[in-house]
Amino acid sequence: MSQSGNRRHLITLANPRSPISEAYRTLRTNIDFSAIDSAIQVIVVTSAGPGEGKSTTISNLAITFAQSERRVVLIDADMRKPTAHHTFRASNRVGLSSLLARKSQLEDVLQETNVPDLFIITAGPIPPNPAEMLASKRMSELLELLKTEFDIILIDTPPLLAVTDAQLIASKSDGVVLVMEYGSVKREAALKAKAGLDTVNAKILGVVMNNVKRSKAEQSYYYYYGNNE
């Protein structure tokens with residue numbers, strides 16, 4: 001499935017009865033059930049490498065959460081290669097980078113989408129220091145503020161093996177969903193990605209295996225495997 005950002009990837013909106021949409025709802029349910037001892041409110045979605053479908057996954061997951069009558073915000077924290085503004089056809093004139101640089105206020109960067117109860121914060125202008133921004137006290141303060149206004153906060157990050165951004169924001173989250181493309185990601189890369197999350201004591205909620213073929217008659221499927229550790 002191509003990862004260029006546009007609305008045709010929002011299958012949970014375009015075709016909510018499809019098998020893939022049902023798989024996203026299963027993913028949502030499994031995340032909910034993983035919150036046994038503590039609430040899962042801030043969720044990072046990342047991948048080992050590029051092109052594995054993390055941005056498509058997080059966009060559709062955000063829609064399914066909003067469809068369950070929860071107030072949701074999706075933050076595009078991939079300030080190196082942002083996509084959320086394309087996916088939701090939103091302005092990226094200001095965004096997360098503007099907010100963290102104290103050039104904008106929350107009300108300036110928080111945008112409504114065409115999905116009820118779903119808001120987005122786009123990445124904003126590409127900054128010279130995205131890792132430092134994500135590790136900042138300002139980012140922690142932003143998440144604490146958003147927790148008071150939203151039920152679910154979903155954060156899209158760059159791939160784990162490319163830069164440290166995902167690890168930095170994962171350390172501030174309640175859990176991480178790791179997206180991997182079936183038949184493409186190498187075992188060594190997957191283990192290295194998991195080790196990077198373990199280093200910052202991130203809770204891995206599970207893994208989405210993308211592009212698993214069930215049969216020739218069916219499209220690519222998304223699966224969720226819960227982490228039993």
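One can find the structure itself at the top, above this paragraph.
Residues numbered from 1 in each chain as written. Predicted model: local features only at pLDDT ≥ 70, side-chain atom pairs only at ≥ 80, totals over all residues. Heavy atoms only, no water.

Asks: When you look at helix H2 (residues 19-33) in this model, what are you seeing that I'm missing?
Replies: In an α-helix, one full turn covers 3.6 residues, which means residues spaced three or four apart are oriented alike. With 15 residues, H2 should cover 21 Å at 1.5 Å per step; its first-to-last C-alpha distance of 21 Å lies within 8% of that length. Of the residues making up H2, those classed as buried are Ile20, Ser21, Ala23, Tyr24, Arg25, Leu27, Arg28 and Ile31. (Helix = DSSP H or I, 4+ residues; strand = E, 2+ residues; numbered from the N terminus. Expected span 1.5 Å × (residues − 1). Buried < 20%, exposed > 50% of the residue type's maximum accessible area, 1.4 Å probe, protein only.)

Asks: When you look at the packing of aromatic side chains in this model, what are you seeing that I'm missing?
Replies: In this description, a pair of aromatic rings is defined by centroid distance and the angle of the planes. For the structure on display, the rule yields 1 aromatic pair. Taken together, a centroid distance of 5.6 Å and an interplanar angle of 70° make the contact between Phe119 and Phe150 edge-to-face. Of the two residues, Phe119 is situated in strand S4 (residues 118-121) and Phe150 in the loop between helix H8 (137-149) and strand S5 (152-156); the sequence distance between them amounts to 31 residues. You can call Phe119 buried: its relative accessible area is 13%. Across from the ring centre of Phe150, 4.6 Å away, lies the NZ or CZ of Arg71, which sits over that ring. (Phe/Tyr/Trp six-rings, centres within 6.5 Å; stacked < 30°, edge-to-face > 60°. Lys NZ or Arg CZ within 6 Å of the ring centre and 35° of its normal.)

Asks: Where do I start with the environment of Gly53 in this structure?
Replies: Looking at where Gly53 falls in the secondary structure, it is placed in the loop between strand S1 (42-47) and helix H3 (54-67). What makes Gly53 buried here is its relative accessible area of 3%.

Fair warning: the whole summary comes from geometry, so function is off the table for now.
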